[in-house]
Amino acid sequence: MLLEGKKALIFGVANNRSIAYGISSAFRREGARLAFSYMGDAIKKRVEPISEELGGDFTFQCDVSGDEQIGRAAELVKEKWGSVDVLVHSVAFAPKEDLQGRFLDTTREGFRTAMEISAFSLTALCRAFEPLFNPGGSVICMTYYGSQKRIPNYNVMGVAKAALESSVRYLASDLGEKGVRINAISAGPIKTLSASGISDFRVILDYIETHTPLRRNVTIEEVGNVALFLASDLSSSVTGDIIYADSGFQTVGM
């Protein structure tokens, strides 16, 4: 098994249709031990059954907008596991009103929220868990092509994802000193809970089915397998990169 005995932290599972669930399932299939974060009681009620289903070791509360909670989460993980091999960051949020209409009308508060939750949280988590990473460890985060090109209604989230991708490149240098890798997966659009906040999301899904080389949308299982590669020793020389799992959408012009 590719991840036999590896300890993987999963941030961002919302339900069994989320990308983080697909990643967790792939990790479990290949022998990883899992632990899941949740933000509050409402999410906890969703996460705990998933942890039980996938044989998770434990769940823990962590609101990534606060350094204090992140610090407490790191202390708990150290107490439970001692060290970590894989950290998955599948966390993003922007106010719904900023995911429609014109980017020009983005609010200051909406911009700050999107950047803090969707981008800076990656750096905050890496900083807190850096002492726990084993050599050869892997950090994986989720991005989208809206960081590179204008996608209708993606708006401030595209800007936040661009910041996330840039953070990956800088963090790769810092974490690489300890032999820890970090990469992002740019997944094609998937009908998840977070995607439901984007106006006219169905239009994007339909466009992928007719305009990509593979003529279909991707699945959470496929993204999970890409994450499995990045978490395993098969990708031991890959860091600071953006790996596309989008049916080839990023290769298409007209």
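Scroll up to find the structure.
In this numbering scheme, every chain counts its residues from 1 along its sequence in written order. In keeping with the predicted nature of the model, local features appear solely for residues at pLDDT of at least 70, side-chain atom pairs appear and are counted solely at 80 or more, and the whole-chain, interface and lining totals rest on all residues. Values shown for side chains rest on all heavy atoms present in the structure; no hydrogens or waters enter the calculation.

> A description of the overall build of the chain should follow, citing residues and the corresponding values.
Here a strand is any run of E in DSSP of at least two residues, a helix any run of H or I of at least four, and the numbering for each starts at the N terminus. A tally of regular secondary structure across the chain gives 7 helices and 7 strands. Helices and strands appear in the chain in the N-to-C order β-α-β-α-β-α-β-α-β-α-β-α-α-β. Only C-alpha atoms enter the radius of gyration; for comparison, a globular chain is expected to reach 2.2 Å times N to the power 0.38, where N is the number of residues. Scaling as 2.2 N^0.38, a compact globule of 254 residues should have a C-alpha radius of gyration of about 18 Å, and the chain matches this with 17 Å. Referenced to the eigenvectors of the C-alpha coordinate spread, the extents of the chain come out at roughly 50 × 40 × 35 Å.

> Now, about unusual backbone geometry: what can you tell me, with residues and values included?
Of note, the phi angle at R215 is positive, near 55°, even though the residue is not glycine. Note that R215 resides in the loop between α6 (201–211) and α7 (220–231). Burial classes follow relative accessibility: with a 1.4 Å probe on protein chains only, a residue under 20% of its type's maximum area counts as buried, one over 50% as exposed, and anything between as partly exposed. According to the relative accessible area criterion, R215 is exposed, its value standing at 54%. A positive phi angle is found at S247, which is not glycine, with a value near 60°. Looking at the element boundaries, S247 is found in the segment after β7 (242–245).

> So, the pairing of strand β3 (residues 58–61): which residues are in play, and what are the values?
What you see with β3 is a clean split: F58 and F60 sit on the buried side and T59 and Q61 on the side with no burial. In this description, strands pair whenever DSSP reports at least two bridges between them. Summarising the sheet, strand β2 (residues 33–38) and β3 pair through 4 bridges and their orientation is parallel. Bridge pairing in β3 places F36 opposite T59. Chirality of the crossover, the property in question, places the unit of β2, helix α2 (residues 41–53) and β3 among those that are right-handed. Orienting the strands away from the viewer, one traces the path from the first strand over the helix to the second; a clockwise path indicates a right-handed crossover.

> Can you break down the pattern of salt bridges residue by residue, with the values?
One side-chain nitrogen of Lys or Arg within 4 Å of one carboxyl oxygen of Asp or Glu is enough to make a salt bridge. Tallied over the full model, the rule gives 8 salt bridges. Here E222 makes a salt bridge to R216, at a shortest N to O gap of 2.8 Å. You can call R216 partly exposed: its relative accessible area is 33%. Residues joined in a network through salt bridges with shared partners are E109, R112 and E116.

> Break down α7 for me, citing the residues and quoting the values.
Under the convention used throughout, the expected extent of a helix is 1.5 Å for every residue step, that is, one less than its residue count. Taking 1.5 Å as the rise per residue, α7 with 12 residues should run 16 Å; its terminal C-alpha atoms sit 16 Å apart, in good agreement. By the burial criterion, the buried members of α7 are I220, V223, G224, V226, A227, L228, L230 and A231. Contacts between residues were defined by any pair of non-hydrogen atoms, one from each residue, lying within 4.5 Å. Taken together, the buried residues of α7 touch α1 (19–29), β4 (84–89), β5 (133–143), β6 (181–187) and β7.

> Before we move on, could you go through the packing of aromatic side chains and cite the residues and values that matter?
Ring geometry is summarised as follows: Phe, Tyr and Trp rings, the Trp one being its six-membered ring, pair when their centres sit within 6.5 Å, and such pairs are stacked at plane angles under 30 degrees, edge-to-face over 60 and tilted between the two. Taken as a whole and judged by the stated rule, the model has 7 aromatic pairs. Taking 5.2 Å as the distance between ring centres and 70° as the angle between the ring planes, the aromatic pair formed by F58 and W81 counts as edge-to-face. Taken together, the residues F58 in strand β3 and W81 in the loop between α3 (67–80) and β4 connect sequence positions 23 residues apart. A connected cluster of aromatic rings, assembled from ring pairs, spans F11, F58, F60, W81 and F129.

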